[in-house]
Each structure stands twice: as C-alpha cells, then as structure tokens.
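Inside the fold
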There are 4 protein chains.
Amino acid sequence: MNTLGHIFRFTNFGESHGPAIGGVVDGMPAGLPLDVAAIQCELDRRRPGSGAAGTSSRRESDLIEILSGVYEGVTTGTPIAFVIANIDARPADYDSMRHALRPGHADATYMLKYGVRDHRGGGRASARTTAATVAAGAMARQLIAHSGISVRAYASSIGGATDAEGMARELREAQQAADTTGGTVTCVISGCPAGLGEPVFGKLQARLAAAMMSINAAKGFEYGEGFASAAMRGSQTLDRPVGIDSALHTEANHAGGILGGISTGEDITMRVAFKPIATMMRAVDTIDSHGQPCTLMAKGRHDVCAVPRAVPVVEAMACLTMADALLAARAAGQLSTL
Amino acid sequence: MNTLGHIFRFTNFGESHGPAIGGVVDGMPAGLPLDVAAIQCELDRRRPGSGAAGTSSRRESDLIEILSGVYEGVTTGTPIAFVIANIDARPADYDSMRHALRPGHADATYMLKYGVRDHRGGGRASARTTAATVAAGAMARQLIAHSGISVRAYASSIGGATDAEGMARELREAQQAADTTGGTVTCVISGCPAGLGEPVFGKLQARLAAAMMSINAAKGFEYGEGFASAAMRGSQTLDRPVGIDSALHTEANHAGGILGGISTGEDITMRVAFKPIATMMRAVDTIDSHGQPCTLMAKGRHDVCAVPRAVPVVEAMACLTMADALLAARAAGQLSTL
Amino acid sequence: MNTLGHIFRFTNFGESHGPAIGGVVDGMPAGLPLDVAAIQCELDRRRPGSGAAGTSSRRESDLIEILSGVYEGVTTGTPIAFVIANIDARPADYDSMRHALRPGHADATYMLKYGVRDHRGGGRASARTTAATVAAGAMARQLIAHSGISVRAYASSIGGATDAEGMARELREAQQAADTTGGTVTCVISGCPAGLGEPVFGKLQARLAAAMMSINAAKGFEYGEGFASAAMRGSQTLDRPVGIDSALHTEANHAGGILGGISTGEDITMRVAFKPIATMMRAVDTIDSHGQPCTLMAKGRHDVCAVPRAVPVVEAMACLTMADALLAARAAGQLSTL
Amino acid sequence: MNTLGHIFRFTNFGESHGPAIGGVVDGMPAGLPLDVAAIQCELDRRRPGSGAAGTSSRRESDLIEILSGVYEGVTTGTPIAFVIANIDARPADYDSMRHALRPGHADATYMLKYGVRDHRGGGRASARTTAATVAAGAMARQLIAHSGISVRAYASSIGGATDAEGMARELREAQQAADTTGGTVTCVISGCPAGLGEPVFGKLQARLAAAMMSINAAKGFEYGEGFASAAMRGSQTLDRPVGIDSALHTEANHAGGILGGISTGEDITMRVAFKPIATMMRAVDTIDSHGQPCTLMAKGRHDVCAVPRAVPVVEAMACLTMADALLAARAAGQLSTL
C-alpha cells in the first residue's frame with residue numbers, strides 16, 4: 001500500500017520526525033549510470049527553505065544516501081534503497097498538539113484508523129514523505145530519458161491568478177493575512193513513445209491520476225481538455241488525425257496525448273489542483289481527540305501554498321508512472337519504438 | 001492490467017463484438033447471499049436502448065450468467081466468473097472502418113501498441129466493456145452494504161447545463177446538430193466507516209481517481225471542493241472538527257469525506273468529467289492506418305453523451321474501490337467499526 | 001489468490017460440478033498466432049477417460065471455447081478468456097457425501113474456512129480445475145516456444161517403481177486392491193535462455209516450486225540434485241564451469257539449470273512428488289461435519305494415481321511460470337538473448 | 001520481485017559488501033508493541049561467528065536500526081523500515097575473484113542477466129541478505145503469536161546423519177577435508193488456526209514452498225509425508241478424521257496440517273533440503289568471465305554447511321508466510337477463529 005508501480009516499483013517509508021525517511025526502488029534495469037548529483041538536485045528543488053516564496057523555514061539538507069543497488073556508479077538490477085535523514089526535526093513544536101485534531105489534517109483519520117499515531121509534524125501524513133518520492137522520481141527520470149521521455153511541470157495558478165506577478169501577489173497577500181492559498185500545477189510529458197498504457201484498468205491516465213492524487217493536498221486531476229471538455233460539443237474537441245508514423249499526429253491534441261488509455265506519441269498534458277495548506281499561522285478553534293474544544297496556534301514551519309514545492313513532486317510522480325508504463329510495454333514486446 | 005483491486009479483485013475481459021464479455025471477481029468473502037436480480041437490475045440501468053434520451057439503439061439483453069463461486073445462492077469464497085453474451089453485434093457496420101482511424105478513438109493507439117486489433121465496434125476499447133464492470137460493481141455493492149456503505153451517482157451537468165431541463169435540452173440540441181456533448185457525473189458514498197484508505201500511495205482518493213479515470217471518455221476527477229479549492233484561501237476551505245466518535249464530524253465537510261487519504265466517516269463526494277462522445281453522426285475527415293485521407297460516416301449506434309449511461313458505471317467503480325478498501329481495513333484488524 | 005504470475009497472469013475459476021470451469025490469461029503479447037488445436041490437444045492429454053490406465057471414467061469432452069483476446073486467429077494483447085463446460089457432471093453421486101468429511105480431502109478445511117461450500121465432486125478443490133490450467137499452460141507454451149523454450153514432463157515413479165513395467169504393475173495392483181498409489185513426475189525445461197528469474201524472492205526455483213505445489217496432491221518439490229544433495233559433500237555436487245557464451249556450461253549441471261535463482265541456460269530439471277489419491281473405492285470410516293462417525297463408500301469416478309494425469313498439469317505450470325519469467329526479463333531490458 | 005507477501009509484505013534490499021542491508025515491512029497492523037530485543041535475538045541466532053560449529057568467522061554485530069513505523073514502542077500501521085550495517089566487510093578478499101566464475105555460485109548467472117554485478121562477497125546473491133529476512137520474520141512472529149501461532153525449526157540432518165553426534169561429526173569431517181556438506185531443516189508451525197491458505201494458486205503449501213525455495217542453497221521442499229508418500233499406498237497415508245471443532249483432528253496428521261491448500265488446525269510440518277555450500281577452502285579449477293581457465297583459492301569466510309544458520313532463516317520465512325496468510329484470512333472475514 002506504500003508501493004507505487006507494478007514492474008518499476010517504489011516503496012516509500014518514513015515519518016516527518018523519525019530518524020529518516022527513504023525508499024526502495026525495485027525493478028530498475030541494470031546498467032544505467034546513475035547520476036546521484038541529478039537526484040540531489042531534484043531534492044534541492046523540493047527542499048524546505050530552498051528560498052521559494054511562501055515556503056516553510058524548516059532547514060533540511062535532504063542529502064540522499066544510497067544503500068544498495070548501485071555499484072561503481074551503475075545500477076545493478078537489484079533494489080536501490082536510500083535514506084534521507086531527518087535532521088532539523090523539532091518534535092517539541094508539536095507537543096501541545098499531541099491530542100488536538102488539526103482541521104484539514106489527517107490527525108483524526110489516523111487516530112480512527114490506527115488507534116495510535118506518530119503525531120509529530122504530521123508523522124506519516126506529512127508532506128515530508130514526498131522528499132523520498134522526489135528522489136525515486138529522479139531515478140525514474142534517468143531511466144525514461146533513455147527512451148526520449150522528458151517531464152516538466154510548472155505552477156499554472158495560485159489562488160486564481162495565472163500569471164507570475166499575480167501568483168506572487170497571491171502568495172504574499174495570503175501570508176500577510178496569516179492565511180494560505182490553493183493553486184494548480186500543470187505537467188507536460190514530452191517525447192513519450194506511442195503505445196504506453198493498458199486498456200480498461202491500466203489506462204495511462206488512470207495511473208497518472210492515482211499518482212497525482214497521492215500527493216498531499218491534491219484535490220483534482222484532469223488531462224487534455226479535462227473538466228472544460230464537459231461543457232463542450234464533440235465538434236469542438238475533435239482530435240482530427242493528420243498523420244501517422246511511429247506516433248499519431250492530430251490537428252490540436254485536444255486529447256492530451258492519450259486515447260483509449262494509450263499514449264499517442266504527442267505531448268501528454270495534465271493539471272493537478274491543490275487545496276490551500278490546512279495549517280494557517282493563526283489561532284484556530286477545533287477539538288481534541290476526546291471531543292473537547294481547544295484552540296490551536298500553529299508553531300511548526302509551514303508553507304503558505306502547496307504549489308511551489310509540489311512542482312517537483314508532480315514531476316517525480318509522472319516520472320515514476322512513466323517508468324512503470326515503459327517497462328510494461330517492453331515486457332509486452334513493443335520493442336520497435338522503445 | 002485488466003484487474004482492479006488488491007484484495008477484492010475484478011478482472012474484466014471481452015471485446016465489443018466477440019462472443020461475450022465478462023469478468024472474474026476474486027476475493028469476495030464467503031457466505032454472502034448474492035442477489036442476482038439486483039445485479040441484473042444494475043446491468044439494465046446501463047444497457048443500451050434502455051430508453052434514456054440520447055443513447056445508442058443497440059439492443060442487448062445483457063443477461064448475466066454466473067459460472068462459478070456461488071452455490072445455492074450464496075457466495076463460496078471462490079472466484080465468481082460471469083459472462084454476458086454479445087447478441088446484437090453487427091460487425092458489418094464496421095467493415096468500412098477497418099482501416100480508418102476514427103478521431104478521438106483508440107484506433108490509432110491500439111494499432112501502434114499492438115500491431116493488430118479487433119476493430120469491430122472499438123473492440124476492447126468499446127464502452128461495452130463497462131457492462132462487465134457494472135455487474136462486478138453490483139456484487140461489490142452487496143458486500144459493502146453489509147458495512148453500511150451506499151453509493152449513489154447522478155448526472156450533474158451536460159454540456160454546461162446543470163438543471164434537468166437544461167440537460168435534456170443540451171442532449172436534444174446536440175443530437176439535432178449531429179453533434180455530441182460532454183458532462184459531469186457526481187458521486188456520493190454514504191455510510192462509509194472512518195479509517196478506509198491507506199497513507200501515501202494507497203490514499204482512498206487515489207484509488208477512486210484511478211477507478212474513475214478508467215471509465216471511457218473520463219477526462220477529469222475531483223473530490224471534495226476539488227478544482228474550486230485551488231482558487232480559495234485556507235480560511236475558506238477549513239474543515240473545522242465539531243465532534244468525534246467512530247467518525248469525525250466537521251462543520252462543512254469541505255474535504256469531501258477524506259483526510260490524509262483516509263475516510264473521515266462523512267460523505268465522500270466526487271465528480272467525474274466526461275468529454276463529448278467522439279463519434280458524431282456526420283461525415284468526418286480523417287486518415288487511415290496508412291496515413292491516407294479518408295472520410296468517415298459513422299454507421300454504428302452511438303450515444304450523444306456519455307453521462308446518462310456512465311452514471312451506473314461510476315457507481316460500479318466506486319463500489320469496487322470501496323469493497324477493496326473495506327477488506328484491506330479488515331485485514332489490518334480495524335474490526336470495531338467494520 | 002486464484003491468479004498465477006505477475007506479468008503473464010492466469011486467473012483460474014470454476015468448480016467441478018458448476019456450469020463451467022475456465023480462466024483468463026492476461027499479459028499475453030499481441031501478434032501471436034494462437035494454435036487452438038494445440039491447446040485442445042493438451043486438454044485431451046489431461047482429460048479423464050483418455051484411456052490411460054488407472055484414470056477416472058468421467059467423460060468430459062473438455063472442449064475449450066475462447067471468448068476474447070484473439071481476433072482472426074492472432075492474439076490482440078487483451079485478456080484471453082476461455083471456458084470449458086462441465087458436461088458429464090453427476091452431482092447426485094455426491095449427495096450422500098454432502099456432510100461427510102472425506103479423509104485426505106479438503107471437505108473439512110473448506111467448511112472451516114468458508115462456512116459454506118460446494119461439496120459436489122470436491123467443488124473448487126477438485127483436480128478438475130487443472131483442466132483450465134492446462135489450457136492456459138498451452139497458451140504459455142506457444143509464447144515461450146518463440147524464445148526457444150520447451151517443456152516436457154514424464155512419470156518418473158509410481159509407488160516406488162521407476163520403470164514402465166513396474167509402474168504399470170503398481171497401478172494395476174493398487175486398483176485391484178481398491179487402493180491408490182503415489183508417484184513422482186519429472187520435468188525438464190530445455191532451451192531456456194540464461195538470465196530468467198530474480199534474486200532473493202523472485203528466484204526461478206521459488207516460482208516453480210509455488211507452481212508445482214499448487215497442483216492437487218503435490219507433496220514435494222526439488223530441482224537439480226534436490227534432496228539427494230542434502231546427504232552429499234560439496235566436492236560431489238560441484239558445478240564446474242567449462243564454458244560461457246550466452247549461457248553457462250558446466251561439467252554436469254548438478255545445479256539443475258538454476259544458480260542464485262537465475263537460469264544458467266542449461267536444462268532446468270525438477271521433480272514433483274504426489275501423494276496417493278485420497279479417494280479409494282472401498283468403505284472408509286470417517287466423521288461428518290457434526291463430528292458424528294459415518295462410513296463412506298466412494299461413488300464418484302476416481303483415478304488410482306495422480307501421476308498420469310498430472311504430467312500435462314506439471315508441464316502447464318512450468319510453461320506458465322516460464323512465460324512470466326520471460327516477460328519479466330524482457331521488461332528489464334535483457335533483450336539480446338530474448 | 002524483492003518483495004514477499006501480498007498483504008503483509010516484506011521488501012528485502014542490500015548487498016553483502018555495500019553500506020547496509022535491510023528491508024521494509026508493510027502491512028503490519030497498528031498497535032502491536034514491537035519487542036526489538038526479540039528481533040535482535042533472532043539476528044544473533046543467524047549471525048556469522050555466533051560460535052556454531054562450521055560457520056563463517058566473519059564478525060558482524062548485525063544490530064538492527066528501525067527507521068520508521070514504530071512510535072513509542074508500538075507499531076503505527078505504517079511501513080517499518082530497518083537497516084543493518086555491513087561492518088566487517090572485506091571486499092579486498094574478493095579482488096582476485098572479480099572475474100572468476102565460482103562454481104555453484106551465481107557469478108555467471110548475474111553476469112549473464114545483468115551485464116554488471118557487485119561481485120564482492122557474492123553481492124546480492126550472498127546469504128547475508130537473509131539477515132534482513134530474519135529481522136522481518138521476527139516482526140511477523142510477534143504478529144502471529146497474537147493468534148497463537150508459533151514456529152520452530154531444527155537441523156534434521158547433516159550429510160546424511162540425523163542424530164546430533166552424527167551431524168557434528170559430519171561437520172567436523174567435512175571441514176577437515178576442506179569440503180562442505182548438505183543437510184535438511186525441519187520446520188513445525190503450531191497453533192495455526194484452521195482456514196489459512198487459499199484454493200488453487202494461493203495454497204498454503206505453495207506459499208511456504210516459494211518462501212523456503214527462496215533461501216540460499218535450498219534445493220527441495222516437502223510437507224507432511226512429502227516425497228516418501230510418493231512410494232506409498234492411499235491406505236497408508238489416509239488421514240482419518242476423528243473430530244472437528246474449530247480445527248480438524250485426524251488420527252495421524254499424515255497430511256502435515258494442510259488439506260486442499262488450507263490449514264487444518266493441526267501442526268504444519270515441512271522439510272527443506274540444502275545443498276552443500278559451494279565454496280570450499282581448497283583450490284578449484286574454473287573459468288573466468290571470458291571463458292579462460294583459472295584456479296580459485298577461496299579467501300572469504302565461509303560456512304561448512306548451510307543448515308545451522310539456515311534454521312532461523314527457515315523460521316523467518318515461515319513466520320512471514322503465515323503473517324500474510326493470517327491477514328488474508330482476516331480480510332475475508334474469517335474472524336471467529338482469528
């Protein structure tokens with residue numbers, strides 16, 4: 001349940017304030033020179049305190065240590081385990097919140113599900129777990145790059161604003177108001193060979209949706225023309241083919257690069273919606289685990305908006321999903337284009 | 001890849017114009033009296049020609065035949081295999097389209113992926129495969145009902161209209177224009193115990209998203225306040241807890257019944273966007289598999305909008321997902337509420 | 001739980017006296033011309049009443065009907081579902097045994113596990129379910145043949161006898177004594193490329209062992225020198241390499257074609273032990289499901305020894321296992337030898 | 001492929017001479033007080049240099065460090081990741097063997113499969129990886145103990161000898177002859193509730209066989225009367241039921257505690273055959289990876305017989321298998337006896 005993928009599989013482990021987070025990547029083919037600096041670079045993009053506006057001031061070096069699966073810089077085909085130490089954990093920040101149920105957080109659901117929980121910094125529910133995902137995604141990225149696939153995401157809206165200036169203003173204003181804000185991340189997968197994805201339950205968009213909806217604070221997923229197409233006519237969204245070689249070429253790629261669950265070879269485009277960060281730097285009325293009213297004043301270090309740091313996470317999830325789909329296609333013998 | 005679920009597993013098989021479609025449900029607990037009439041009733045809701053406006057005139061009795069796993073009306077704990085014969089298949093309708101790449105369909109992607117394909121009626125890519133899903137979903141529904149879970153979906157918009165009259169008009173106008181239209185289906189899961197779903201990659205919303213995005217023509221998924229929350233402030237989406245017993249109770253359930261990937265016990269609300277049906281009853285310019293231009297005039301029997309017949313499919317996918325999550329929670333020993 | 005394999009997956013369904021048994025093969029690559037006559041031929045080898053000495057007189061035509069996944073004689077890459085009707089079912093033979101717990105059978109364990117059970121002919125526990133396995137194995141055989149892999153099994157002992165005459169005598173004597181007898185089946189996989197199997201938990205011998213121990217009445221598995229090597233010295237079992245090209249060549253292949261869980265390219269040799277058939281044509285004292293003593297007189301049609309009809313089942317399980325291992329190796333990019 | 005289990009899942013990672021080995025246990029129910037000292041105790045039993053006759057002199061403290069999934073001594077329901085550092089690694093011992101293909105080892109098969117390999121100490125193929133398995137097994141043992149299940153294994157033969165004195169002599173003589181020897185381990189699972197295991201492909205003996213055949217040097221598996229029953233008559237192996245309550249009681253438990261793939265509630269008995277350790281402390285003629293003849297003189301530290309250190313590994317694999325079967329039974333609602 002903490003594993004993503006079927007052939008290229010990533011198992012994520014760790015809690016926000018335990019000794020370390022990390023993961024195991026199983027199914028990585030042998031013989032890939034693994035660029036650890038590139039992995040570290042992805043981690044640095046996601047890192048708290050990396051300077052992006054409206055992000056938490058928690059300071060984590062987020063240095064990856066690889067424990068297995070790589071020998072003399074090359075993958076060996078065996079599981080790649082890695083750990084990222086939790087250094088700047090300040091569990092005491094959370095002492096007063098041990099029994100409080102923070103609104104919009106998983107405190108109550110973990111308690112109801114498990115009976116016990118590591119409450120410190122959100123424990124397993126913390127977005128800190130996405131650091132391990134980013135590291136694994138960076139490995140997947142290096143694999144799919146060999147098949148010409150590249151993945152890029154960007155903040156496409158914050159609090160309703162869609163231009164850079166507006167987005168910066170939204171962040172600033174929310175922070176000044178001791179509030180938080182939502183936004184969207186757009187992701188584009190380029191260079192994807194046609195033929196990835198499986199019919200019916202293994203549709204590429206279903207895998208991508210599951211991946212994206214696994215990210216903390218994600219509330220929606222769409223690809224191609226998405227929700228907008230629900231208000232359109234067929235004559236408007238028509239994806240008229242204009243050529244076919246190793247890929248299908250259409251007039252406008254309304255479909256977003258996937259037809260019938262299978263990649264067309266055109267750009268795969270998708271968008272992920274993030275709700276506002278639940279923790280605001282203001283007093284909030286709530287209850288504790290016994291149902292008693294209490295007032296919370298957040299003390300941890302928190303982002304104003306999920307979007308800036310979600311961008312590399314969205315990319316990582318896309319890379320992991322595409323790596324798995326690529327290996328499935330290889331298994332099926334779709335070799336000519338792969 | 002044609003199997004959904006981890007503990008409660010449904011394998012879907014079949015093509016639109018082969019001898020039969022069907023499936024295997026594995027993991028159904030023993031001792032459940034299986035109401036076959038109720039399954040048939042769900043199939044009748046989805047059936048083409050069931051009279052709903054704007055639906056295909058293909059006539060299929062869609063009678064389910066159960067081959068295994070049920071003895072004297074009660075599930076035995078062994079796999080429940082079932083078939084639904086394809087009776088009103090008219091493959092000749094598709095002869096002229098054998099080499100054509102229908103815009104917005106999977107013709108090109110199947111060809112690029114597999115090299116060969118059963119082109120008749122869309123083959124495996126046909127929405128006819130959802131009949132088997134509806135049958136399996138009806139079995140899942142009977143299981144989760146024992147834990148108090150119920151699932152209901154409805155058409156929430158067609159072509160932008162959100163009231164019944166407007167939706168009917170959209171369907172009518174699109175049909176008159178030899179066009180098609182998109183829409184959305186809203187789904188509500190009630191009575192769900194708190195504690196279903198898993199952290200990180202097994203989040204309940206991720207499973208639901210994958211399930212919904214597996215439905216033909218689905219282009220987007222959101223839950224709770226979804227995409228709208230991306231333009232909101234944290235102070236607006238705040239899910240203030242007001243009580244806790246075997247479930248969490250909040251002021252407004254902005255979250256849509258899931259926090260941190262785990263059900264709160266409140267209603268789970270989600271919405272699925274469907275693009276307009278790709279096949280319009282008009283001449284369409286396209287190319288064939290050799291890249292030669294050709295003109296297509298649809299001859300099959302096609303819906304104007306996916307939404308009316310998607311409603312029971314959305315419900316079925318929700319039931320299948322919840323059955324799997326319920327059994328996972330049982331395995332984990334979350335017994336008191338289940 | 002009724003599915004074998006990870007990439008090439010076979011789901012088996014059905015009970016001895018239900019309407020049909022069958023299965024779904026998912027993961028079969030597209031473009032394989034499927035020889036249905038060859039599948040039928042394998043079914044005929046396993047069929048009761050096929051004339052082999054000491055086999056049940058149940059008459060089943062065991063005709064396979066393929067429902068999906070094959071178009072114009074070629075696999076399409078989508079799930080291949082098939083059914084085999086139960087024609088000569090005589091459930092009344094089992095009426096008197098409805099509550100009896102037949103010694104050595106699964107009657108009690110199914111009842112304890114499920115509370116309910118289809119008792120007729122052993123229901124799901126019947127060896128009849130292996131017919132579906134044989135059909136799926138015959139499909140797998142056609143896939144692996146393209147990579148040069150062939151699988152052959154034979155009866156290597158019956159009741160202690162290892163030559164043909166002795167085995168025939170054992171069968172005859174057991175039958176005359178209204179008794180049954182055990183035996184072993186030896187299986188050899190030839191032409192297997194080096195490099196199939198995975199380290200640690202995906203070892204090829206582990207997969208083969210699980211496959212073989214899934215066969216009704218199997219009580220033991222060994223490969224290479226097996227149990228005999230437990231009484232040997234290292235100097236006796238030494239597998240001295242004498243050459244290496246796309247495969248490893250050793251002096252004597254003591255290892256049985258697998259080292260470290262991965263195929264060497266030499267013949268894979270294994271042996272499966274089968275206990276005597278539990279049902280004997282004599283009165284047997286036992287108890288019923290309420291613990292009351294009763295006497296059973298078998299009325300069904302039963303084999304004297306599992307071995308003759310197990311031979312094609314062993315082959316089928318080996319073919320299914322190798323097909324899955326082959327596709328896993330393809331996924332990992334081990335292409336040059338595959 | 002490096003993961004064992006379906007609901008209770010253990011992923012094993014690491015190489016003999018990398019920085020660490022370890023694993024991730026996913027699916028452990030929440031609320032279990034985890035006795036880390038008991039885990040360490042199991043590790044100490046398997047540890048090289050633990051003083052057992054005929055075992056390697058490699059000195060590893062084998063201290064387990066738990067990174068996640070446990071909070072204040074209690075499992076939280078989230079993945080339990082752990083590492084065991086490789087301290088006494090002496091990779092230089094293996095420098096001369098970098099290109100040599102050690103007879104009976106996985107050197108050639110890893111090279112043929114992956115193209116690259118970590119040759120040091122056998123890399124991933126080293127029995128050192130079983131330390132992580134033993135740690136995970138010790139966690140599983142604590143879970144199944146709550147359902148009354150206990151697991152014990154013992155050396156049942158070494159080099160043909162079956163009494164303690166004979167076994168000691170075999171070890172001594174083999175060591176003096178710079179040779180190695182094989183043996184068998186017997187394992188008994190007591191207190192297992194009836195009803196664990198699944199029909200057809202999830203049979204309990206199939207899972208146990210796969211688990212045992214995953215252990216380094218294992219060449220055979222049998223349960224109940226195993227291979228011996230292949231030479232018996234049905235009248236000899238008859239498992240006459242004598243009583244039934246929450247378990248089946250038979251006269252002699254010939255079956256070894258499993259009928260039809262499902263536990264009867266009686267003791268589950270099995271035996272695993274281990275070949276002689278491949279590395280002998282003598283000069284051995286072999287070839288290198290270019291096919292050139294060479295002579296090897298082992299320099300590492302090696303056991304004389306796999307059996308003494310395999311005993312806790314066999315137990316661990318049995319515990320892991322039973323934990324998974326137990327949770328599957330819980331998922332299926334078999335609650336009364338569990």
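As shown above, the structure is provided for reference.
Presented here is an overview of the structure given in this document. Numbering of residues begins from 1 in every chain and follows the order in which that chain's sequence is written. Chains carry letters and ligands carry numbers; both start at the beginning, A for chains and 1 for ligands, and go up in the order they are written. For this predicted model, a pLDDT threshold of at least 70 governs which residues receive local features, and a threshold of 80 or more governs which side-chain atom pairs are given and counted, while totals over whole chains, interfaces and linings are taken from all residues. Hydrogens and water are ignored here; the side-chain numbers use all heavy atoms of the structure.

**Describing the interface of chain C and chain D**
- Taken together, the 109 residues of chain C in the interface contact 107 residues of chain D.
- Approximately 7500 Å² of surface area, both sides summed, lies buried where chain C meets chain D, with 65% of it carried by carbon and sulfur atoms.
- For this analysis, a salt bridge means a side-chain nitrogen from Lys or Arg found within 4 Å of a carboxyl oxygen belonging to Asp or Glu. If you look at where chain C meets chain D, you find six salt bridges.
- Two N or O atoms form a polar contact when they lie within 3.5 Å of each other; inside protein one atom must be a possible hydrogen donor and the other a possible acceptor, and for residues adjacent in sequence the pair counts only when both atoms belong to side chains. The interface formed by chain C and chain D includes 29 residue pairs in polar contact (both at pLDDT 80 or more).
- Sort the elements by how many residues they give to the side of chain C that touches chain D and helix H2 (residues 107–114) of chain C lands first, with seven residues.
- Gly is put with the polar residues, along with every residue not named as nonpolar or charged; the nonpolar set is Ala, Val, Leu, Ile, Met, Phe, Trp, Tyr, Cys and Pro, and the charged set is Asp, Glu, Lys and Arg. Within the side of chain C that touches chain D, the residues separate by chemical class into 49 nonpolar, 40 polar and 20 charged.
- Pairing between strands requires that DSSP locate at least two bridges from one strand to the other. Helical segments are the DSSP runs of H or I of at least four residues, strand segments are the runs of E of at least two, and each set is numbered from the N terminus. Across three bridges, the pairing between strand E11 (residues 218–223) of chain C and strand E10 (residues 218–223) of chain D is antiparallel. Bridging from a neighbouring strand, C:Gly220 pairs with D:Glu222 of E10(D). The contact rule is simple, with two residues in contact once any of their heavy atoms fall within 4.5 Å. In this description, buried area is defined as the sum, over both parts, of the accessible area (probe of 1.4 Å) that is lost when the two are combined.

**Points about the side chain of D:Arg128**
Residue and element names in this part refer to chain D.
- Along the chain, Arg 128 turns up in the loop between helix H2 (107–114) and helix H3 (130–145).
- What makes Arg 128 buried here is its relative accessible area of 5%.
- Contact partners of Arg 128, with chain neighbours within four places excluded, come to Ser 16, Ile 21, Arg 46, Arg 58, Glu 60, Asp 62, Ile 84, Ala 85 and Asn 86. Buried means the residue's accessible area, taken with a 1.4 Å probe over protein chains only, is under 20% of the maximum for its type, while exposed means over 50%, and partly exposed covers the values in between.

**Thoughts on the relation of the copies chain B and chain A**
- Least squares is the method used to superpose the copies, on C-alpha atoms of residues holding a pLDDT of at least 70 in both. Superposing chain B onto chain A takes a rotation of 180 degrees combined with a translation of 0.0 Å along the rotation axis, leaving an RMSD of 0.0 Å. Put plainly, the chains are arranged around a two-fold axis.
- In this assembly, 99% of the residues forming the interface of chain B have copies in chain A that are likewise at the interface, indicating an isologous arrangement.

**What about the interface of chain B and chain A?**
- Each partner contributes to the interface: chain B provides 108 residues, whereas chain A provides 107 residues.
- Here chain B is connected to chain A by six salt bridges.
- For B:Glu198, the salt bridge identified is with A:Lys113, shortest N-O distance 3.5 Å.
- Between chain B and chain A we count 29 residue pairs in polar contact (both at pLDDT 80 or more) in total.
- In terms of residues, the side of chain B that touches chain A owes the most to one element, helix H2 (residues 107–114) of chain B, which gives seven residues.
- Tallied by class, residues from the side of chain B that touches chain A come to 49 nonpolar, 39 polar and 20 charged.

**Re the pattern of salt bridges**
- This structure, assessed with the given rule, holds 84 salt bridges over all chains.
- Taking the shortest distance from any N to any O, the salt bridge between A:Arg9 and A:Asp26 comes out at 3.1 Å. With A:Arg9 in strand E2 (residues 9–14) and A:Asp26 in strand E3 (residues 20–26), this residue pair connects regions lying 17 residues apart in the sequence. Residue A:Arg9 shares its accessibility class with A:Asp26, and that shared class is buried.
- The partner of C:Arg47 in a salt bridge is C:Asp44, with the nearest N and O atoms 3.5 Å apart.

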